Amino acid sequence: MNKPVDIRKHTGDHHRDLNNHLFRYVFFSTLHLRREWFLPILRQLENTQYMPPEDLLALQDQKLRALIQHARANTLYYAEVLPEGVQGLADLQSLPILDKETLRARAKDMTWRTRSGQRPKTSGGSTGAPVTLVKDRKGMAQELAAMWRGYGWAGVQFGDRQARFWGVPANSRARFRASLIDFVCNRHRTTAFNYDENLLRTAYAQVCNFKPNYFYGYVSVMRDLAHFVNQAGYTDVVQPNSIITTSEVLTSLDRQLLERVFKTRVFDEYGCGEIGTIAHECEHGRLHINSENVIIEVLDSSDRPLPPNNKGELVVTDLTNYSMPLIRYRLKDYGAISNRQCPCGRTLQIIDQVYGREYDTLINRIGRNFHGEFFLYILEDASANGLATSGVQFLQHPDLTLEIFLVCEESAFIPLSEYIKKRLKRDFDQQVNIDFHRADQINREPSGKLRVVKKLVR
């Protein structure tokens, strides 16, 4: 089988200047200091992506056996819940499923304390309930290797300039840390929070001046920017080598708009904060799972496995994180796995469709837009202040009134409501009217999507 041509060799060479080489040096130097050197792993992944399917399964089985043995021997939680005699893939479905609530409640019991170089990872999660875990250097290196392999499919090289359409932390310390990371990674950040047409105009001018090699970030923000550029009638439009979308469902209309306005290819990415990168889109438009790093199961409503091409709940096992193993972890996302072969020649499994998460962009009374992640950041800050919730939904009515549903303990409802109200009055809209409700769960859309932040229309 002939391997497809690596498009990194054919796109955007005129943009790869001395500045990119400088930041490549900064990037690699930082990885050395953090001891997250992933290039040898990346070279392995460039080969294993073409392995025969049976060899990939054997590799997963080997890694799963090692992970189960380690988890049972080194963590209190898995010593309790993993049955004796359980080994590899053949026994996977006999293992208990791990949910976010258990992860929050038993985090200490799931952590391997003797591992050095651990650092936290936080995710808002599909329900809006923050989840924090730890990952060690080796696990981070394996995650980075898979991520950069996927970036390579989109024509991205180390040191390339990235226009990042993402959230900006409210906390000054976290904001400073984010700016340092942006510098090391050679990227310019456009906030997904608190923007209107004037700010989009300024942001677009900054992006043009930055001359990015690629765009990366939330679909909705880049969609709004594309609409602005299109309506403004700009003739000299910035043209990145590629666009990588993440964190939100990418519709065919979104893809067409972005590709038409910015005259480039769009590549979708799927992942979550707890695991990191899970799947990347190849040059043939297929979303390939990083099968060397994760095992994905598709389950029905009774947690029974579904055959290929059937939609169900996605459950993931992270084969790379020994500091805090995640075995059969509910993502609370829904999708299907295809049994089709991809023309690209890669034998990695294909996610045919992911339809679990969709965040709306809400607007305040002076017309500024706030991406859904803005509201989830508030929940993360609340959790850090001891105000936990296991689920949330923000609904904005046509009159701009907010209706907020909280899944939490009764004793936490009032202080959590007051905290959210104070933050929204300060950072979102001083005049906003808010109605709070305590709920048992957050319901999904008829399509299966879980819309944590939702704008209602008349």
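One can find the structure itself at the top, above this paragraph.
Here's what I pulled together on the structure shown here. None of the values given here were measured: they were computed from a predicted structure.

**Side note on the packing of aromatic side chains**
Turning to step 1, where the next piece is worked out: Scanning the entire structure with this criterion turns up 19 aromatic pairs.
Turning to step 2, where the next piece is worked out: A centroid spacing of 5.2 Å and a plane angle of 65° characterise the contact between phenylalanine 165 and phenylalanine 215, whose relative ring orientation is edge-to-face. Placement of the pair is phenylalanine 165 in strand β3 (residues 162–166) and phenylalanine 215 in strand β5 (residues 214–218), with a sequence separation of 50 residues.
Turning to step 3, where the next piece is worked out: Given a relative accessible area of 0%, phenylalanine 215 falls into the buried group.
Turning to step 4, where the next piece is worked out: Considering the side-chain rings of phenylalanine 215 and phenylalanine 262, the 5.1 Å spacing of their centres and the 75° angle between planes classify their relative orientation as edge-to-face. Placement of the pair is phenylalanine 215 in strand β5 and phenylalanine 262 in helix α10 (residues 252–262), with a sequence separation of 47 residues. Of the two residues, phenylalanine 215 and phenylalanine 262, neither departs from the other in class, the shared state being buried.

**Notes on helix α11 (residues 372–384)**
Turning to step 1, where the next piece is worked out: For α11, spanning 13 residues, the distance from its first C-alpha to its last is 19 Å, which sits close to the expected 18 Å at 1.5 Å a residue.
Turning to step 2, where the next piece is worked out: Inspection of α11 places Gly372, Glu373, Phe374, Phe375, Leu376, Tyr377, Ile378, Leu379 and Ala382 among the buried residues, and these make up the whole buried set.

**Digging into helix α12 (residues 410–427)**
Turning to step 1, where the next piece is worked out: The end-to-end C-alpha distance of α12, which contains 18 residues, comes to 26 Å, matching closely the 26 Å that a straight helix rising 1.5 Å per residue would cover.
Turning to step 2, where the next piece is worked out: For α12, the complete set of buried residues consists of Ala412, Phe413, Leu416, Ser417, Tyr419, Ile420, Arg423 and Leu424.
Turning to step 3, where the next piece is worked out: Those residues of α12 hidden inside the fold are in contact with α11, β16 (391–396), β17 (402–407) and β18 (434–438).

**Some remarks on the environment of glutamate 84**
Turning to step 1, where the next piece is worked out: Assignment of secondary structure puts glutamate 84 in the loop between α4 (76–81) and α5 (100–105).
Turning to step 2, where the next piece is worked out: On the basis of relative accessibility, which here comes to 70%, the residue glutamate 84 falls in the exposed class.
Turning to step 3, where the next piece is worked out: Along the backbone, glutamate 84 and alanine 382 are 298 residues apart, and their C-alpha atoms lie at a distance of 40 Å.

**Comments concerning the pairing of strand β10 (residues 294–299)**
Turning to step 1, where the next piece is worked out: For β10, the tally of buried residues reaches six of six residues, placing the bulk of the element in the interior.
Turning to step 2, where the next piece is worked out: In β10, alternate side chains face the same way, and those of Val294, Ile296 and Val298 on one face and Ile295, Glu297 and Leu299 on the other are all buried.
Turning to step 3, where the next piece is worked out: Alignment of β10 against strand β11 (residues 312–318), held across six bridges, turns out to be antiparallel. Residue pairing across strands places valine 294 opposite aspartate 318, the latter belonging to β11.

**What about the side chain of threonine 401?**
Turning to step 1, where the next piece is worked out: Here threonine 401 is to be found in the loop between β16 and β17.
Turning to step 2, where the next piece is worked out: In contact with threonine 401, not counting residues within four places along its chain, are Leu395, Gln396, Asn433 and Asp435.

**A word on the nonpolar core**
Turning to step 1, where the next piece is worked out: Ranked by internal contacts, the top residues of the largest apolar core, which has 77 residues, are Phe38, Phe262, Ile420 and Leu424.
Turning to step 2, where the next piece is worked out: Setting aside anything within four residues of it in sequence, one finds phenylalanine 262 in contact with Tyr204, Phe215, Met222, Leu225, Ala226, Val229, Val237, Val238, Gln239, Pro240 and Ile243.

**So, the environment of asparagine 290**
Turning to step 1, where the next piece is worked out: For asparagine 290, the position within the fold is in the loop between β9 (287–289) and β10.
Turning to step 2, where the next piece is worked out: For the pair formed by asparagine 290 and aspartate 399, sequence separation is 109 residues and the distance between their alpha carbons is 44 Å.
Turning to step 3, where the next piece is worked out: The contact partners of asparagine 290, leaving out residues within four places of it in the chain, are Ala146, Arg149, Thr277, Ile278, Ala279 and His280.

**So, the environment of arginine 161**
Turning to step 1, where the next piece is worked out: Tracing the backbone through its elements, the reader meets arginine 161 in the loop between α6 (137–153) and β3.
Turning to step 2, where the next piece is worked out: Among the residues examined, arginine 161 registers a relative accessible area of 5% and is labelled buried.
Turning to step 3, where the next piece is worked out: When the C-alpha atoms of arginine 161 and arginine 187 are compared, they prove to be 5.5 Å apart, with 26 residues separating the residues in sequence.

**Examining the sheet that holds β9**
Turning to step 1, where the next piece is worked out: Read across the open sheet, the 11 strands follow the order β4-β3-β5-β6-β7-β8-β9-β13-β12-β11-β10; overall the sheet is mixed. Each of the sheet's edge strands pairs with one partner strand only, and the pair in question is β4 (187–191) and β10. Neighbour-to-neighbour, the strand axes of the sheet open up by a mean angle of 35°, direction not taken into account.

**Some details on the sheet that holds β17**
Turning to step 1, where the next piece is worked out: Spatially, β18-β17-β16-β19 is the arrangement adopted by the four strands of the open sheet, whose pairing is mixed. Looking at which strands have only one partner, the edges of the open sheet turn out to be β18 and β19 (453–455). With strand direction ignored, the average angle separating the axes of adjacent strands in the sheet is 15°.
Turning to step 2, where the next piece is worked out: Two strands pair when backbone bridges link them, and β16 and β17 are joined in this way by six bridges, in the antiparallel orientation. Of the residues in β17, the one forming a bridge with glycine 391 is valine 407.
Turning to step 3, where the next piece is worked out: α11 contacts β16 and β19 of the sheet and is inclined by roughly 140° relative to β16.
Turning to step 4, where the next piece is worked out: Across the sheet, α12 is in contact with β16, β17 and β18; its angle to β18 comes to roughly 155°.

**A few points about unusual backbone geometry**
Turning to step 1, where the next piece is worked out: One non-glycine residue with positive phi stands out, namely asparagine 194, at about 60°.
Turning to step 2, where the next piece is worked out: In this structure, asparagine 194 sits in the loop between β4 and α8 (197–210).

**Description of the state of the cysteines**
Turning to step 1, where the next piece is worked out: Inspection of the entire model under this criterion finds zero disulfides.
Turning to step 2, where the next piece is worked out: Counting only cysteine sulfurs, cysteine 342 is the nearest neighbor of cysteine 282, a cysteine outside any disulfide, at a range of 3.6 Å.
Turning to step 3, where the next piece is worked out: Note on cysteine 282: relative accessible area 0%, which makes it buried.

**Notes on the side chain of glutamate 297**
Turning to step 1, where the next piece is worked out: Summarising the element assignment, glutamate 297 is placed in strand β10.
Turning to step 2, where the next piece is worked out: In terms of polar contacts, glutamate 297 uses its side chain to reach the side chain of arginine 328, at 2.9 Å.
Turning to step 3, where the next piece is worked out: Dropping the residues within four chain positions of it, glutamate 297 is found in contact with Leu92, Gln93, Glu313, Leu314, Val315 and Arg328.

What counts and how
- Residues numbered from 1 in each chain as written.
- Predicted model: local features only at pLDDT ≥ 70, side-chain atom pairs only at ≥ 80, totals over all residues.
- Heavy atoms only, no water.
- Phe/Tyr/Trp six-rings, centres within 6.5 Å; stacked < 30°, edge-to-face > 60°.
- Helix = DSSP H or I, 4+ residues; strand = E, 2+ residues; numbered from the N terminus.
- Buried < 20%, exposed > 50% of the residue type's maximum accessible area, 1.4 Å probe, protein only.
- Expected span 1.5 Å × (residues − 1).
- Contact = heavy atoms within 4.5 Å.
- Pairing = 2+ DSSP bridges.
- Core = buried A, V, L, I, M, F, W, Y, C linked by side-chain atoms within 4.5 Å.
- Axes fitted to C-alpha atoms, helices over the stretch in contact; angles between N-to-C directions.
- Disulfide = S-S within 2.5 Å.
- Polar contact = N/O pair within 3.5 Å; in protein donor to acceptor, adjacent residues only side chain to side chain.

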